[in-house]
Amino acid sequence: MQIHVTDRDGQRHTLEALEGFRVMEIIRDYGFPIVAECGGACACGTCQVEVDPEWAAKLHEPREDELDMLDQNYGGDWSRLSCQLIMTPELDGLRVRLADIAIREAA
């Protein structure tokens, strides 16, 4: 399975993904500077991605806690928390863009 991630510079990267892993974990494990402060507990909103609109309908509906985090962190229409997206065969080829809030600035 694969995820296609667009970085801040607009460059698209294809990442190998394993079933059952959080999209956040996959992005982080490939070395992208994703903040993900809470480590996947849906408590910070700093792993936000913008899902390609063609893929949005294929995702499960966000839970209330995810919606709360997106509201607090200026989530747009296609925003989701990557910690709440679990890879399944149905998501093979998922396309996302790293949201500005999720990108760790160089020190």
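Right above here is the structure, for reference.
Below: a short report on this structure. (Residues numbered from 1 in each chain as written. Predicted model: local features only at pLDDT ≥ 70, side-chain atom pairs only at ≥ 80, totals over all residues. Heavy atoms only, no water.)

Looking at the sheet that holds strand β3 (residues 48-51)
Condition: By definition, two strands form a pair when at least two bridges between them are found by DSSP. Where helices and strands are cited, they refer to DSSP runs of H or I of at least four residues and of E of at least two residues respectively, numbered from the N terminus. For every element, the axis is a line fit to its C-alpha atoms; helices are fit only across the contacting stretch, and the angle between N-to-C directions ranges from 0 to 180 degrees. Residues count as neighbours in contact if any of their non-hydrogen atoms are within 4.5 Å of one another.
Taken in spatial order, the five strands line up as β2-β1-β5-β3-β4 in an open sheet, and their pairing is mixed. Strand pairing shows two members of the sheet lacking a second neighbour, β2 (12-16) and β4 (79-81), which therefore form its edges. Pairs of neighbouring strands in the sheet enclose a mean axial angle of 35°, with direction left out of account. Relative to β4, β3 is paired through three bridges, and the arrangement is antiparallel. Counted as the bridge partner of Glu50 is Ser79 from β4. Contacts between helix α3 (residues 64-72) and the sheet are confined to β3 and β4, with β4 contributing the most and set at about 120° to the helix.

Thoughts on the pattern of salt bridges
Stated formally: Salt bridge, as applied in this entry: a Lys or Arg side-chain nitrogen positioned within 4 Å of an Asp or Glu carboxyl oxygen. Exposure categories follow from relative accessible area, calculated using a 1.4 Å probe and restricted to protein chains: below 20% of the type maximum is buried, above 50% is exposed, and the middle band is partly exposed.
Going through the model one piece at a time under the given rule, you end up with five salt bridges. Residues Arg95 and Glu54 are paired through a salt bridge, measuring 3.0 Å at the closest nitrogen-oxygen approach. A residue pair is termed long-range when its members are at least 10 positions apart, and Arg95 in strand β5 (residues 94-98) and Glu54 in helix α2 (residues 53-56) qualify at 41 residues. Across the salt bridge formed by Glu66 and Arg80, the nearest N and O atoms sit 2.8 Å from each other. Separated by 14 residues along the polypeptide, Glu66 in helix α3 and Arg80 in strand β4 bring together distant segments of the chain. On the accessibility criterion, Arg80 (7% relative accessible area) is buried. Each of Asp52, Glu54 and Arg95 takes part in a single network of salt bridges with overlapping partners.

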